[in-house]
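# Structural overview for review
Letter by letter, the chains look like this.
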Amino acid sequence: MNSFENNSSRYIGNDLIRFLGNDVLSAAPEKEPERQHYFIAQLKALGNPGASDAQDQSHDADVKPLTAAVVTFGCQMNARDSEKLTGILEEAGYEMTDDEENADFVIFNTCTVRENANEHLYGRLGRLKNMKKSHPERIIAVCGCMMQESDEVAKLRQKYAYVDLIFGTHNLYKFPELLFMLHRKRLGMVDSLEAVHAGNAVLTDSSADHERYEKLLRYGGNTGTQKDLEKLYRKPVVSVWQDSGDIVEDLPQQRKFPFKQGINIMFGCNNFCSYCIVPYVRGREKSRTPGEILEEIRRAAGEGVKEIMLLGQNVNSYRGISSEESVFMSFPELLQKVDDLAEETGIERIRFMTSHPKDLSDELIEVMAKSKHVCHQFHLPLQSGSSRILKRMNRHYDKERFLDRAAHLREAMPDIVITTDIIVGFPGESEEDFLETLDVVEKVRFDAAFTFIYSKREGTPAASFDYQVDEADVKDRFDRLLELQNRIAAESLERFRGETLPVLFEDVSEYDPMMITGKLENGTTVHVAAEPEDQQRLIGTVRQVRLEESHGFYYTGSLV
Ligand code: SF4
């Protein structure tokens, strides 16, 4: 029997008041992230009934730790958020599991870039309905970009009323506090309207309910009918902020790979490409201060991190205010500082994504070319090769600008690997427009391309554009693009075959347990044979590898 099963059978118990009472809530520090660290400690004690209070770390060995599953649906920034959710849950005493159907706590970190991303979530939630019926004490939470869309939150509350906790992207750092609120609510302790207006827990949307709960609050938890409390128990905690000024990092995190770390340098996007929902769910651009970013990198280096990825929806428009000189720092300036710090602290590789061609400056290319640790890999989303379509996409650059930037990158770093994103079938795209895209692909010779068929995204301007392209034409164009791009990718991979280059080994190959997998400095995947007893010793290290064979998108080779 784990701790919550016995707790959940004591909805009305003074025991848990020790960890969830009003005095515990009011003792929480106001300042962030200290406030969240405080709630993490309370949650940890809550999962450990033997503890006298939050400071008591002794643990009753007979009590099985609670299990938690974090499901990630989206991009690198979404995955970075999941590392934080995992770190917080582990710090709060949960044991991580991949078994979302039997976990005591499961959280879905959603994506909403494409319409079908939402359907993925509903499919997974549907599978948990019966589990929740038989285990009402278990917790289901949903967060991420999709929750920034009020109609999706409304749909969730209507059709999946068994979801217990809903929050968005702007207040992810409040996760410990919201989980604490959820446990308080399960004990009949609801928070006041003030808390609601302060952007904390929103429990209900009907004033009648509020009155009832205010009454409960006034009489302190142990009143009201069992039915009231049952109903309250099932009410979700919903907290979605439309935007937030605060960037609160420095919370526990669990890296997917101990030797690699994503570092958020900015959030949000001001570009409003006509097909993209991101600016509506991630808000306006906000850059972290250079000091905070460099401090986080220094800490990561101290914990053995060898590779960092600077993350942002559009890193090129980074504008961090440095507290010392109170001047704005541009991305090339920040990257130079990061490269210097890497030299000092033993970080071997620096990567960054995502860049926008309109903001790709000569300074940035120069810093990369001269740097010691910035990888010669560049992800430069093209989307379309037609200047007419780029205008309809509101991308703020044309075909010539893109070709110029790509040529400048190759000139400055001949060994650079350039990857891209391409959308086929954008509303209004003609055969001539598509031929422009093929022309750019021929000229730039991308090493890899993420290719997408345009999918209408409600809530974006392009969703109401005329001239939706005929499906058969889109399919035909998509196949022609793939054929050309795959041929070019295979040819450009040949460039390095036979060379000996450094590889950072990341994991055992998921296709062959007798192989380990790593990445070249330019981001290309390499598989190398390694005996099981050597694999763990090699993973997380950079070793010289002779690239013997190329296979379209990756190499196989041998250790030198
Ligand atoms: S740059 Fe455009 S595509 Fe990228 S996140 Fe911003 S709006 Fe979306």
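Because the structure is a prediction, the values reported are computed rather than measured.

## Some thoughts on helix H4 (residues 34-46)
Under the 1.5 Å per step criterion, the end-to-end length of H4 is 19 Å for 13 residues, consistent within 8% with the ideal 18 Å. Those residues of H4 that fall on the buried side of the exposure criterion are Arg35, Gln36, Tyr38, Phe39, Ile40, Gln42, Leu43, Ala45 and Leu46.

## Side note on the packing of H4 against helix H8 (residues 175-186)
It is at 8 Å that the axes of H4 and H8 come closest, and there the two elements cross at 45°. The pairing of H4 with H8 is recorded here as oblique in orientation. As H4 packs across H8, the resulting crossing turns out to be left-handed. Where H4 approaches H8, its residues Arg35, Gln36, Phe39, Ile40, Gln42, Leu43 and Leu46 are matched on the opposing element by Phe175, Pro176, Glu177, Leu179, Phe180 and His183. A breakdown of the residues in the contact of H4 with H8 according to their chemical character gives eight nonpolar, three polar and two charged.

## With respect to the site of the ligand
The full set of residues close to the ligand is Cys269, Asn271, Phe272, Cys273, Tyr275, Cys276, Val278, Pro279, Gln313, His356 and Arg395. Split into classes, the residues belonging to the shell around the ligand amount to seven nonpolar, three polar and one charged.

## Some words on the sheet that holds strand S5 (residues 165-167)
Read across the sheet, six strands follow the order S2-S1-S3-S4-S5-S6 without closing on themselves; strand pairing throughout is parallel. Looking at the sheet topology across the chains shown, the edges are occupied by strand S2 (95-96) and strand S6 (237-239). Pairing between strand S1 (residues 67-72) and S2: two bridges, direction parallel. From the neighbouring strand, Ala68 faces S2, where its bridge partner is Met96. Of the strands in this sheet, strand S4 (139-144), S5 and S6 are in contact with helix H7 (residues 150-159), which crosses S5 at around 175°. Across the sheet, H8 lies against strand S3 (105-110), S4, S5 and S6, angled at about 150° from S5, the strand it touches most.

## Side note on the sheet that holds strand S17 (residues 500-508)
Taken in spatial order, the five strands of this closed barrel run S17-S18-S19-S21-S20, and their pairing is mixed. Within this sheet the neighbouring strands show an average axis-to-axis angle of 50°, counted without direction. Note: S17 against strand S18 (residues 515-520), five bridges, orientation antiparallel. Each residue of the ladder has a partner; that of Val508, found in S18, is Ile516.

## A closer look at H7
For H7, every residue scored as buried is listed here: Glu152, Val153 and Leu156. The arc enclosing the buried residues of H7, seen along the axis, measures out at 100°, which places them on a common side. Relative to its buried face, H7 has exposed residues pointing more than 90 degrees away, namely Ser150, Asp151, Gln158 and Lys159.

## Some remarks on the nonpolar core
Leu310, Phe331, Leu335 and Phe352 are the most contacted members of the largest nonpolar core, which totals 64 residues. Taken together, domain 2 (262-366) and domain 3 (376-496) each give at least three residues to this core, which thus spans both. Those residues in contact with Leu310 that lie beyond four places of it in its chain are Ile263, Ile265, Ile297, Val315, Phe331, Leu335, Val338, Ile350, Arg351, Phe352 and Met353. Formed by 38 residues, the second largest nonpolar core is a distinct cluster that contains Leu16, Ile107, Phe175 and Leu182.

Scoring rules and cut-offs
- Residues numbered from 1 in each chain as written.
- Predicted model: local features only at pLDDT ≥ 70, side-chain atom pairs only at ≥ 80, totals over all residues.
- Heavy atoms only, no water.
- Helix = DSSP H or I, 4+ residues; strand = E, 2+ residues; numbered from the N terminus.
- Expected span 1.5 Å × (residues − 1).
- Buried < 20%, exposed > 50% of the residue type's maximum accessible area, 1.4 Å probe, protein only.
- Axes fitted to C-alpha atoms, helices over the stretch in contact; angles between N-to-C directions.
- Parallel < 35°, antiparallel > 145°, perpendicular 65-115°, else oblique.
- Left-handed = near helix turned anticlockwise from the far one by under 90°.
- Contact = heavy atoms within 4.5 Å.
- Nonpolar A, V, L, I, M, F, W, Y, C, P; charged D, E, K, R; others polar.
- Near = heavy atom within 4 Å.
- Pairing = 2+ DSSP bridges.
- Arc of directions from axis to C-beta.
- Core = buried A, V, L, I, M, F, W, Y, C linked by side-chain atoms within 4.5 Å.
- Domains from an automatic or database assignment.

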